[in-house]
There are 4 protein chains.
Amino acid sequence: MAKKTGEKYDAIINAAVKVIARHGYHQAQVSKIAREANVADGTIYLYFENKEDILISLFAEKMGQFVTVAEQTINEQTTVEEKLRTLIYMHFYQLAKDPDLAVVTQLELRQSDPALRQKINEILKHYLQLIDKLIQLGVKEGAFSPDIDPLLARYMIFGTLDESVTNWLLKERKYDLLSNVEPILRLLLHGLKSA
Amino acid sequence: MAKKTGEKYDAIINAAVKVIARHGYHQAQVSKIAREANVADGTIYLYFENKEDILISLFAEKMGQFVTVAEQTINEQTTVEEKLRTLIYMHFYQLAKDPDLAVVTQLELRQSDPALRQKINEILKHYLQLIDKLIQLGVKEGAFSPDIDPLLARYMIFGTLDESVTNWLLKERKYDLLSNVEPILRLLLHGLKSA
Amino acid sequence: MAKKTGEKYDAIINAAVKVIARHGYHQAQVSKIAREANVADGTIYLYFENKEDILISLFAEKMGQFVTVAEQTINEQTTVEEKLRTLIYMHFYQLAKDPDLAVVTQLELRQSDPALRQKINEILKHYLQLIDKLIQLGVKEGAFSPDIDPLLARYMIFGTLDESVTNWLLKERKYDLLSNVEPILRLLLHGLKSA
Amino acid sequence: MAKKTGEKYDAIINAAVKVIARHGYHQAQVSKIAREANVADGTIYLYFENKEDILISLFAEKMGQFVTVAEQTINEQTTVEEKLRTLIYMHFYQLAKDPDLAVVTQLELRQSDPALRQKINEILKHYLQLIDKLIQLGVKEGAFSPDIDPLLARYMIFGTLDESVTNWLLKERKYDLLSNVEPILRLLLHGLKSA
DNA sequence: AATGAATGAGCATTCATTCAT
DNA sequence: TATGAATGAATGCTCATTCAT
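All of these numbers come straight from a predicted model, not from anything done at the bench.

Caption draft 1: Structural context of the protein's contact with DNA strand E. Taken together, 28 residues surround DNA strand E, and among them Gln29 of chain A, Thr43 and Tyr47 of chain B together with Thr43 and Tyr47 of chain D come closest. Counted by atom, the contact set of DNA strand E within 4 Å of the protein is 71% sugar and phosphate. Ala40 of chain B has a polar backbone atom sitting 3.0 Å from a phosphate oxygen of DNA strand E. The separation between a phosphate oxygen of DNA strand E and a polar side-chain atom of Thr43 of chain D is 2.3 Å. Put simply, the parts of the chain that give the surface near DNA strand E at least two residues each are helix 3 (41–47) of chain A, helix 3 (41–47) of chain B together with helix 3 (41–47) of chain D. The greatest single-element share of the surface near DNA strand E, amounting to five residues, is contributed by helix 3 of chain B. Per-class residue counts for the surface near DNA strand E are twelve nonpolar, nine polar and seven charged.

Caption draft 2: Fine view of the interface of chain A and chain B. On the chain B side, the residues contacting the 42 residues of chain A number 41 residues. Summing the contributions of chain A and of chain B, the shared interface buries around 3,700 Å²; its carbon and sulfur component is 61%. Where chain A meets chain B, there are two salt bridges. A salt bridge links Glu81 of chain B to Lys193 of chain A; the nearest nitrogen and oxygen atoms lie 3.1 Å apart. Here chain A is connected to chain B by 16 residue pairs in polar contact (both at pLDDT 80 or more).

Caption draft 3: Fine view of the interface of chain D and chain C. Counting from both sides, the interface comprises 42 residues of chain D and, opposite them, 41 residues of chain C. The tally of links from chain D across to chain C stands at two salt bridges. Between chain D and chain C we count 16 residue pairs in polar contact (both at pLDDT 80 or more) in total. Among the secondary structure elements, those contributing two or more residues to the side of chain D that touches chain C are helix 5 (80–97), helix 7 (114–140), helix 8 (150–170) and helix 9 (181–190) of chain D. If one sorts the elements of the side of chain D that touches chain C by residue count, helix 8 of chain D sits on top with 14 residues.

Caption draft 4: Here's a closer look at the protein's contact with DNA strand F. Among the 28 residues in the neighbourhood of DNA strand F, the closest are listed as Thr43 and Tyr47 of chain A, Thr43 and Tyr47 of chain C together with Tyr45 of chain D. Restricting the count to atoms of DNA strand F within 4 Å of the protein gives a sugar and phosphate share of 71%. Interatomic distance of 2.8 Å between a backbone N/O atom of Lys51 of chain B and a phosphate oxygen of DNA strand F. Contacts to DNA strand F include Tyr47 of chain C, whose side-chain N or O atom sits 2.7 Å from a phosphate oxygen. Sorting the residues of the surface near DNA strand F by element identifies helix 3 of chain A, helix 3 (41–47) of chain C together with helix 3 of chain D as the ones contributing at least two each. No other element matches the five residues that helix 3 of chain C contributes to the surface near DNA strand F. By residue class, the composition of the surface near DNA strand F is twelve nonpolar, nine polar and seven charged.

Caption draft 5: Local environment of the pattern of salt bridges. Residues and elements named next belong to chain C. Applying the stated criterion to the full structure yields 48 salt bridges over all chains. With its nearest N and O atoms 2.7 Å apart, the salt bridge here joins Arg110 to Asp162. Taken as a pair, Arg110 in the loop between helix 6 (99–106) and helix 7 (114–140) and Asp162 in helix 8 (residues 150–170) lie far apart in primary sequence, 52 residues in all. Judged by its relative accessible area of 11%, Asp162 is buried.

Caption draft 6: Highlighting the environment of Asn50 of chain B. Residue and element names in this part refer to chain B. Tracing the backbone through its elements, the reader meets Asn50 in the loop between helix 3 and helix 4 (51–75). Classification of Asn50 by relative accessible area gives partly exposed; the value is 37%. Taking the C-alpha atoms as reference points, Asn50 and Val30, 20 residues apart in sequence, are found 9.3 Å from one another. At 3.3 Å, the side chain of Asn50 and the backbone nitrogen of Glu52 are in polar contact.

Thresholds, definitions, all that
- Residues numbered from 1 in each chain as written.
- Chains lettered and ligands numbered in written order.
- Predicted model: local features only at pLDDT ≥ 70, side-chain atom pairs only at ≥ 80, totals over all residues.
- Heavy atoms only, no water.
- Near = heavy atom within 4 Å.
- Polar contact = N/O pair within 3.5 Å; in protein donor to acceptor, adjacent residues only side chain to side chain.
- Helix = DSSP H or I, 4+ residues; strand = E, 2+ residues; numbered from the N terminus.
- Nonpolar A, V, L, I, M, F, W, Y, C, P; charged D, E, K, R; others polar.
- Contact = heavy atoms within 4.5 Å.
- Buried area = accessible area lost by both parts, 1.4 Å probe.
- Salt bridge = Lys/Arg side-chain N within 4 Å of Asp/Glu carboxyl O.
- Buried < 20%, exposed > 50% of the residue type's maximum accessible area, 1.4 Å probe, protein only.

Here it is, written out as structure tokens:
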């Protein structure tokens, strides 16, 4: 029923990002999003099933683009190390270049209902699979230790990146997130231990 | 005004944990918590300023115990490696032994308002400082590389543990979280790289 | 402004009957009627002033046919008793042969606004006048008692028929409505009293 | 959950009757009823599950009283004819003495959803059974013809009374409804036929 | 100290109608 | 004639907090 394309579809999603980033998840009323998108309240429902659908679509669209671009760029790299560097870089770059989106996906959307969280996790899976493939390749090619548990390795990579971005946001983006790419790459590759 | 001690104070906090774990953050009404604690709705407000205060107090009480016990046990260890192992163990152990609390702090409380999140972060700081001290010691004693950025190292440690616990919960605690202590210790110490 | 004739005019009215019978008065949106009639929403407003006008026109058209046919058939009868039998028969027959229309006029349209009810009553008046003329004739010819109050007699006739049809519909048309013609004729003529 | 007794329970029901009678079914918002009852909107929901529950309770309470009083008074009569006279009288009297209630039950509540109609019909059943028992008795005692179909007889009695009250209301109560008791009794007993 | 009845602000969604094409 | 995308007003219900008892 809801026509999920078109100029206004995009306008509404971008308005939602803006409103949520500016006013917070719990103050992002449909009417506020509509006003920001320069459409009537009712127009929202020509493009989205309901409010939750706006948020899911928002996440799906943005995360979809994210994963697509990240995957392409990673595939262009030859060595596993280079691929991991690219993953970290893309992860940080995509969020650093759109701070509103960063706030929305990293902080605000995490306040949502379990039902919405569930759907967001479904979308996030594609990104996690990207990491899983990278780990698999690293082990296969001998770049990563065969002893590592691939799932735990993924927890470490994603957990580290996620925690880094969250803290960067909580510290109000006072430093350049991208400057962390190399040190975090080293940490993930070599761990804490001194040589 | 609010008398933050007494039998009923504890009863209300424990009731809150139970209710939130069972019904979720957004279905944890004050009246439900009061009923679970066997007190009248109004009585809640003799012990807590408002609903947010219940949640903050809950987190403060439980996290306070957590940090105290963790710190003590870590201090009993001699080597840095042993201390890190203990940190991971305590982190996992404390949440594994009280699944209701784990669900509340790890999943449900993260749906709360930014204002509450802020205060929770304040409380969390004590735990993060525990990690920071450990890293500092590791570098000082030569166990950890002098090149690591201490803050990023903390992001890695906390992010990895946090992501591990969250996934364990989302997978409905189908495996033994404690079996992950050693592999995660190895990951954090040596990273992904093959020897 | 509204052009109240033409192929589409009829199509929209018949679509309205179908949609209301199938989905109920409160679920009979203009867009649903338009879809059923294979026209665009906006086209409706080329033939009808507004939604209420569809319903009034529906009732007027169908009731108009009803009264015309009933009047003709009654006029063909010679005795007053035969005329009353025919009235009952036509009333039941017309509704029994078109169950959708029966549901719409007998049940669904009664949920409408007082404003609409008022206009429906105006249309219904032609039918009630038919009954009134019958009573008048009966009294004049000596078939009916000169003591009866003509208005109350009409209430009895119409009320009995109406209640009969409504109950037949509420009992999901599980019996033959026409089998009630004779017993109801006897009731109306002789009342409850034993001979 | 809803506490269906008490001073405010009655106040809300009476306020609902007043508001619906004055403004019509579709303009009887919960907030309007609350204001009329001198309680807060939220208080409504301490006594009723939801808006529909107000209307059902209204009908149940008033109809319950109606049936109880009618039944008692009818039982005090000895002959069947006297009982029928009493039924008609009580039916008219109860509605004539409370015109607001008459408008609500006779006109406004009939605009309600099928779901609500259904529940109203359940309540109405008790009244219809009262009529059924009267007919049964009449036939058994020989006062009514053994040839009448008891169900159709009920349709006639109720249909006639209902149609009479409705028309009296639509004619804005310009005449005394009770003056119709005797003529309608005669109609129901002897029918239209001249002696 | 404890109670619990009462309060009232706040918001997603539907759908009849319009009008530019 | 015909279309259908866009409009925007209107409302039932929840629940944290208070305060008279």
